[in-house]
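Summary of the model geometry
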Amino acid sequence: MDVQFLQAAIAEARAAEAEGEVPVGAVIVRDGQIIATGRNRVITDHDPTAHAEIVAMRAAGVAFGNYRLEGCDLYCTLEPCAMCAGAILHARIRRLVYAASDPKAGACGSVLGVMNHPQLNHRVEVVAGLLADECGTMLSQFFRARRGL
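Description of the structure in this document. Each chain has its residues counted from 1, following the order in which its sequence is written. Owing to the predicted nature of the model, reporting of local features is limited to residues with pLDDT of at least 70; listing and counting of side-chain atom pairs is limited to 80 or more, with chain, interface and lining totals taken over all residues. Water and hydrogen atoms were dropped before computing side-chain values, which therefore reflect all heavy atoms in the structure.

A short note on the side chain of Thr77
Within the secondary structure, Thr77 sits in strand 3 (residues 72-78). Relative accessible area serves as the criterion here: at 1%, Thr77 is assigned to the buried category. Every helix listed is a DSSP run of H or I at least four residues long, and every strand listed is a run of E at least two residues long, numbered separately from the N terminus. For the exposure calls, accessible area comes from a 1.4 Å probe over protein chains only, and a residue counts as buried if that area is under 20% of its type's maximum, exposed if over 50%, partly exposed in between.

Structure follows, in structure tokens:
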């Protein structure tokens with residue numbers, strides 16, 4: 001099931017790219033069902049916080065009428081940054097599955113260790129690297145095209 005849900009996040013990333021955004025997508029799953037989706041919208045919304053994970057968590061919070069997303073799993077195409085990792089912890093996401101590592105801003109171990117920091121009170125099961133090549137290639141191609149290489 002992880003691959004299926006991550007593929008849904010990839011579809012969100014491709015939609016973001018079609019809108020001129022960095023191709024990052026996310027979905028939130030509860031009880032085996034996608035309950036919210038998100039894609040990068042920072043340019044579209046003129047909002048530096050509109051990362052795919054945040055957009056998906058906002059939608060899930062509205063759907064549940066609660067900012068706590070206990071029992072929910074988050075699938076995203078790129079390792080969350082510090083802002084997103086903090087929000088994931090505050091939302092009490094149960095499980096995080098991400099594809100590509102982010103060597104410039106990743107907060108799940110690549111650059112920072114925000115996720116599951118020993119001084120924080122919530123733990124998230126983290127699965128990294130699933131479909132990493134596909135997602136990494138999508139991001140690399142996007143930035144190459146943007147730079148005109």
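Notes on helix 5 (residues 132-147)
Because each turn of an α-helix spans 3.6 residues, side chains separated by three or four positions end up pointing in the same direction. Here, expected helix span is obtained from the residue count minus one, scaled by 1.5 Å. Spanning 16 residues, helix 5 covers 22 Å between terminal C-alpha atoms, matching the ideal 22 Å at 1.5 Å per step. Residue contacts are counted whenever heavy atoms from the two residues lie within 4.5 Å of one another. For helix 5, the secondary structure elements touched by its buried residues are helix 1 (2-18), strand 3 and strand 4 (95-100). In the segment just after helix 5, Gly148 is the residue with positive phi, at about 75 degrees.

Thoughts on the sheet that holds strand 2 (residues 33-39)
DSSP calls a pair of strands paired once it identifies at least 2 bridges connecting them. Strand order in this open sheet of five strands is 2-1-3-4-5, and the pairing throughout is mixed. Taken across any chain shown, the strands that pair with only one partner, and hence form the sheet edges, are strand 2 and strand 5 (125-128). Between one strand axis and the next, the sheet turns through 15 degrees on average, direction left out of account. Relative to strand 2, strand 1 (residues 25-30) is paired through six bridges, and the arrangement is antiparallel. Along strand 2, the bridge assignment pairs Val29 with Ile34. Helix-sheet contacts for helix 1 involve strand 1, strand 2, strand 3 and strand 4, and the interaxial angle to strand 3 is about 50 degrees. Simply put, an axis is a line fit to the C-alpha atoms, just over the touching stretch for a helix, and the angle between two N-to-C directions goes from 0 to 180 degrees. Helix 5 contacts strand 3 and strand 4 of the sheet and is inclined by roughly 60 degrees relative to strand 4.

A closer look at the layout of surface pockets
Put simply, the largest pocket is a space of about 530 Å³. A pocket here means an open set of points on a 1 Å grid, computed over the protein atoms alone, that has protein on both sides within 12 Å along at least five of seven lines. A cavity is instead a set of points where a 1.4 Å probe fits but cannot get out; residues with an atom within 4 Å of a point line either one. Taken together, 22 residues line the largest pocket, and the ones lying closest to its centre are Val22, Leu78, Asp102, Leu139 and Phe143. With six residues, helix 5 is the largest single contributor of residues to the lining of the largest pocket. A class-by-class count of the residues in the lining of the largest pocket yields 11 nonpolar, five polar and six charged. Grid points are joined across faces, edges and corners, and a volume is the space filled by probe spheres set on the points. Gly is placed with the polar residues, together with every amino acid not listed as nonpolar (Ala, Val, Leu, Ile, Met, Phe, Trp, Tyr, Cys and Pro) or charged (Asp, Glu, Lys and Arg).

Quick notes on the packing of helix 1 against helix 5
The geometry of helix 1 relative to helix 5 is characterised by a closest axis approach of 11 Å and an angle of 5 degrees between their N-to-C directions. What the angle tells us is that helix 1 and helix 5 run roughly parallel. Between helix 1 and helix 5, the contacting residues are Ile10, Ala13, Arg14 and Glu17 on the first element and Glu134, Cys135, Met138 and Phe142 on the second. Taken together, the residues of the contact of helix 1 with helix 5 sort by class into five nonpolar, no polar and three charged. For classification, angles of less than 35 degrees are called roughly parallel, those exceeding 145 degrees roughly antiparallel, those between 65 and 115 degrees roughly perpendicular, and all remaining angles oblique.

Comments concerning the pattern of salt bridges
The salt bridge definition used is simple: a Lys or Arg side-chain nitrogen within 4 Å of an Asp or Glu carboxyl oxygen. Tallied over the full model, the rule gives eight salt bridges. Asp47 is the salt-bridge partner of Arg58, the closest N and O atoms lying 3.6 Å from each other. Of this pair, Arg58 sits in helix 3 (residues 52-64) while Asp47 sits in the loop between helix 2 (42-45) and helix 3, and the two are 11 residues apart along the sequence. A salt bridge links Glu125 to Arg95, with the shortest nitrogen-to-oxygen separation between them at 3.2 Å. Taken together, the positions of Glu125 in strand 5 and Arg95 in strand 4 put the pair 30 residues apart, joining distant regions of the chain. Look at Glu125 and you get partly exposed, because its relative accessible area is 46%. Here Arg95 falls in the buried class, since its relative accessible area comes to 15%.

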